[in-house]
Amino acid sequence: MPYPPNMDLGASTDSADEPLSTLGSEPLVPILRANGGQVDPLDLATWHQALSNTAAVEVPHDLMGLWLYPSQGGVVLLGPAELAEDDLAVPLPSPHLKPEQLSLVEEIVRDAGYGSATCLPIRFGKRDVALLLVADLQPGRYGPAERVLLQCVAQRVAPMLGRIARQWAPVEGSSSRQQERIAGLLEAVAQANRDTGTPQRFLAAVARGLVPLLPHDHVEFLVPDASGEQYLRLGEHAGGPLWTDPSLVISREHLDIAGIFDTQTKLVVSDTYEDARWPRGFLTASESNGADVRSIVGARMGLGGALLGYLLVGSIGPELYGADDVELLLLLAGLIAPQMGSFLRSVEPPAAPTPVSRPPDRDASAELLFRIASLLATTSDPAAATRLIAKEGSGLLPFDRLTFALRLTEGDRVILLEPGERRALPGLPLVPVTGTALERVFEGEGRHAFAEARGKSRLIVPLRVAGKVHGALVFTGAPPAALTESHLDVAQRLADIVAAYLELIRRTATSDHRPAPVDAPSKPMRAALPATPPQHGARA
């Protein structure tokens, strides 16, 4: 069978650094070069047949079944296509397949008429990304030697299948999936905020909630000192005074994260192995034998105009992250910035030459802004959140009404949300803003808008996320309240703190459904075998 142009045949992997088997002889394994996680169906079928043919030289079989577990959930049959007509209940990992699940599949296959059957998970990073099944009509085919050879096959194809699983897009497109991920952020962060005793516990809780939304093997948060020459790994800090554990401090000479970010607020690294600025052995996956993190998505985190640090999320596989992942991480950074900032503010910096970086503003308004941000992080209810912002914000600014303007669609119309509103946002009327001060703020024609008329004053400041304006806070004051342009700075600081939360509310409103549980597909795929086994795959 001829192989397609984007297929290589050989005992190579996606990474030259992958360990080789200690066996003297290994099965040749074809590597399918996927383009952004998208694979042509013909290429996929041809690759599966090539994999079956080459593996059959060492491990004879009449059937080789292969299923992919996309990161967004569910299961996808990669081959052979005929199995889609059968009725085999393929187990789902959470995040790993259990031995009893594998044994049940083998038993079902043998009951269907095969004399021998064995299956094993294909693991990449912290999760199983595929399931491999081989079966033969003759009994006694698969012993320890054959299992080792199949494990070599699994090791070879794991990086490729891990990448495809991470980037696999449903037939109907990935936009709905991104909406589901964004909607899941609120609950993930609210859950993490219930365990905020130490930076280490908090970031670990965030990482657990992030796994089904943004699969990863490592999360890091780096805080610069006052000089910018050293960084503290705050996510590894187990409590007590900061900057006292040398093992948690890394110098800028070793990793110049500020230089890597440069002036950008976001970062995507396809492969750290191809960039000498990323040291080996620093960012490692704790549950993957210390493997280096190769794909990274990052966000510069600030609060109240001050730099807090750099949030990094990474995987041991290369070329895994893209634009949607950056968007998700920027929103996450905005949500957890208040809590990370509170860890830095709660401990006075040591008298050493490397004091902790923290916001310089310690006035009453800064304290209240931190309080608002901290309270906001504990709720996932939009109505409660908007009431909280209005109530606590009145301690910062002299207004008697606060309105949230959010753009749900493209064009010149927005919704105007009152604090405590419980109606679904898509059901609220769309209000045209063409020719108004609100439109100028949305379009970035001015940093803000202020006006006085008929004894009332109005101040409008933008809600900005990753440099884009998706909404605005509209403050209205009537005597005795008296808003002036001098209140702009505090109003914008409040807007910047609540922007990420309100952006999640806005984005969630554009989704027609809530995310399905990550451990079960929305429409389970069932595939098993007929009573008379077909001749799939190749024999030795």
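Reading guide: rules and limits
- Residues numbered from 1 in each chain as written.
- Predicted model: local features only at pLDDT ≥ 70, side-chain atom pairs only at ≥ 80, totals over all residues.
- Heavy atoms only, no water.
- Helix = DSSP H or I, 4+ residues; strand = E, 2+ residues; numbered from the N terminus.
- Buried < 20%, exposed > 50% of the residue type's maximum accessible area, 1.4 Å probe, protein only.
- Contact = heavy atoms within 4.5 Å.
- Areas by Shrake-Rupley, 256 points an atom, 1.4 Å probe, with all protein chains shown as cover.
- Salt bridge = Lys/Arg side-chain N within 4 Å of Asp/Glu carboxyl O.
- Pairing = 2+ DSSP bridges.
- Axes fitted to C-alpha atoms, helices over the stretch in contact; angles between N-to-C directions.
- Parallel < 35°, antiparallel > 145°, perpendicular 65-115°, else oblique.
- Left-handed = near helix turned anticlockwise from the far one by under 90°.
- Polar contact = N/O pair within 3.5 Å; in protein donor to acceptor, adjacent residues only side chain to side chain.
- Core = buried A, V, L, I, M, F, W, Y, C linked by side-chain atoms within 4.5 Å.
- Phe/Tyr/Trp six-rings, centres within 6.5 Å; stacked < 30°, edge-to-face > 60°.
- Lys NZ or Arg CZ within 6 Å of the ring centre and 35° of its normal.
- Expected span 1.5 Å × (residues − 1).
- Bend = angle between axes of the 7 residues up to and from the residue.
- pLDDT = per-residue confidence, 0-100.

1. So, the overall build of the protein
Then, number 1: Helix and strand content of the protein: 11 helices and 18 strands.
Then, number 2: Per-residue burial over the protein gives 53% buried out of 540 residues.
Then, number 3: Of the contacts made within the protein by residues no fewer than 6 positions apart, 64% connect residues no fewer than 24 positions apart.
Then, number 4: Counting only carbon and sulfur atoms, one obtains 52% of the accessible surface of the protein, whose full area is about 23500 Å².

2. What to know about the pattern of salt bridges
Then, number 1: Taken as a whole, this structure holds 13 salt bridges when the rule is applied.
Then, number 2: For the salt bridge of glutamate 421 with arginine 423, the shortest nitrogen-to-oxygen distance reads 3.0 Å.
Then, number 3: A relative accessible area of 51% means that arginine 423 is categorised as exposed.

3. Regarding the pairing of strand 10 (residues 266-269)
Then, number 1: Where burial is concerned, the two faces of strand 10 differ: the one with Leu267 and Val269 is buried and the one with Lys266 and Val268 is not.
Then, number 2: Both strand 10 and strand 11 (residues 295-303) contribute to a ladder of 4 bridges, which runs antiparallel. Of the residues in strand 11, the one forming a bridge with lysine 266 is alanine 299.

4. What about the packing of helix 5 (residues 199-210) against helix 7 (residues 323-345)?
Then, number 1: Two elements in contact, helix 5 and helix 7, have axes whose closest approach is 11 Å; the angle formed by their N-to-C orientations is 165 degrees. Between helix 5 and helix 7, the interaxial angle falls into the category roughly antiparallel. Where helix 5 crosses over helix 7, the handedness of that crossing is right-handed. Across from Pro199, Phe202, Leu203, Val206 and Leu210 in helix 5, the residues of helix 7 making contact are Leu332, Ile336, Gln339, Met340 and Phe343.

5. Comments concerning the side chain of histidine 237
Then, number 1: Here histidine 237 shows up in the loop between strand 8 (230-233) and strand 9 (249-251).
Then, number 2: Here glycine 239 takes part through its backbone oxygen, which lies 3.2 Å from a polar atom of the side chain of histidine 237.
Then, number 3: Leave out the neighbours within four places in its chain, and histidine 237 touches Thr198, Pro199, Gln200, Leu242 and Leu248.

6. Things to note about the nonpolar core
Then, number 1: One finds Ile122, Leu161, Ile336, Leu473, Phe475 and Val498 to be the most contacted residues of the largest nonpolar core, which totals 114 residues.
Then, number 2: Ranked by size, the runner-up nonpolar core spans 18 residues in total, among them Leu88, Val105, Leu131 and Leu133.

7. Re the packing of aromatic side chains
Then, number 1: Inspection of the entire model under this criterion finds 4 aromatic pairs.
Then, number 2: Taken together, a centroid distance of 4.9 Å and an interplanar angle of 45 degrees make the contact between phenylalanine 261 and tyrosine 310 tilted. Taken together, the residues phenylalanine 261 in helix 6 (residues 257-261) and tyrosine 310 in strand 12 (residues 306-315) connect sequence positions 49 residues apart. Accessibility classification places phenylalanine 261 together with tyrosine 310 in one group, the buried group.
Then, number 3: What links up through ring pairs into an aromatic cluster is the set Tyr231, Phe261 and Tyr310.
Then, number 4: In this arrangement the basic side chain of arginine 280 is found over the ring face of tyrosine 273, its NZ or CZ atom lying 3.5 Å from the centre.

8. Describing the sheet that holds strand 18 (residues 468-477)
The strands that make up a sheet pair up through hydrogen bonds in the backbone, lying either parallel or antiparallel.
Then, number 1: The 6 strands lie next to each other as 15-14-13-18-17-16, forming an open sheet whose pairing is antiparallel. Looking at which strands have only one partner, the edges of the open sheet turn out to be strand 15 (431-432) and strand 16 (449-453).
Then, number 2: Summarising the sheet, strand 16 and strand 17 (residues 456-465) pair through 5 bridges and their orientation is antiparallel. Its bridge partner being in strand 17, alanine 451 is matched across the sheet by arginine 458.
Then, number 3: Running at roughly 50 degrees to strand 17, helix 11 (residues 488-509) makes contact with strand 13 (401-406), strand 17 and strand 18 of the sheet.

9. Focus: helix 3 (residues 144-167)
Then, number 1: Between the first and last C-alpha of helix 3 there are 34 Å, a value that for 24 residues agrees with the 34 Å anticipated at 1.5 Å per step.
Then, number 2: The largest bend along helix 3 measures about 45 degrees and falls at alanine 158, with the proline proline 159 one to four residues further on.

10. Re the environment of phenylalanine 261
Then, number 1: Residue phenylalanine 261 is classed as buried on the basis of its relative accessible area of 1%.
Then, number 2: For the pair phenylalanine 261 and arginine 300, spaced 39 residues apart in the sequence, the C-alpha separation amounts to 7.8 Å.
Then, number 3: Contact partners of phenylalanine 261, with chain neighbours within four places excluded, come to Lys266, Leu267, Gly298, Ala299, Arg300, Tyr310 and Leu312.

11. Some thoughts on the sheet that holds strand 12
Then, number 1: The sheet built from 6 strands is open, its strands ordered 9-8-7-12-11-10 with antiparallel pairing. Edge positions in the open sheet fall to strand 9 and strand 10, since each of these has one partner strand only. When strand polarity is set aside, the average angle formed by the axes of neighbouring strands in this sheet is 25 degrees.
Then, number 2: Sheet contacts for helix 7: strand 7 (218-224), strand 10, strand 11 and strand 12; angle to strand 11, the most-contacted strand, approximately 45 degrees.

12. As for unusual backbone geometry
Then, number 1: Cis geometry marks the peptide bond from glycine 79 to proline 80, where omega comes out at -5 degrees.
Then, number 2: If you check the backbone angles, aspartate 262 has positive phi at about 55 degrees while not being a glycine.
Then, number 3: By secondary structure assignment, the location of aspartate 262 is in the loop between helix 6 and strand 10.
Then, number 4: For glutamate 319, which is not glycine, the phi dihedral falls at a positive 55 degrees.
Then, number 5: Mapped onto the secondary structure, glutamate 319 falls in the loop between strand 12 and helix 7.
Then, number 6: Accessibility expressed as a relative area gives 43% for glutamate 319, which makes it partly exposed.

13. A few points about helix 7
Then, number 1: For helix 7, spanning 23 residues, the distance from its first C-alpha to its last is 32 Å, which sits close to the expected 33 Å at 1.5 Å a residue.
Then, number 2: The largest bend in helix 7 comes to about 45 degrees, at isoleucine 336, with the proline proline 338 one to four residues further on.
Then, number 3: Counted residue by residue, helix 7 has 18 buried out of 23 residues, so it is predominantly covered.

14. What about the packing of helix 7 against helix 11?
Then, number 1: Across the interface, helix 7 lies against helix 11 with an axial gap of 8 Å and an inter-helix angle of 135 degrees. By the angle class used here, helix 7 and helix 11 are oblique. In contact with Glu327, Leu331, Gly334 and Leu335 of helix 7, helix 11 contributes Ala500, Tyr501, Glu503, Leu504 and Arg507.

15. Details of the environment of tryptophan 67
Then, number 1: Tracing the backbone shows tryptophan 67 in strand 3 (residues 63-68).
Then, number 2: Sequence-wise, tryptophan 67 and leucine 133 are 66 residues apart; in three dimensions their C-alpha atoms are separated by 8.7 Å.

16. With respect to the confidence of the model for the protein
Then, number 1: Per-residue confidence for the protein gives a mean pLDDT of 78; residues scoring 70 or more make up 79%.
Then, number 2: Ignoring residues within four places in sequence, the model shows residues 348-362, a span with pLDDT below 50, making 33 contacts including any to other chains.
Then, number 3: Contacts for the low-pLDDT stretch residues 512-540, under 50 throughout, to residues beyond four places or in other chains number 71 contacts.

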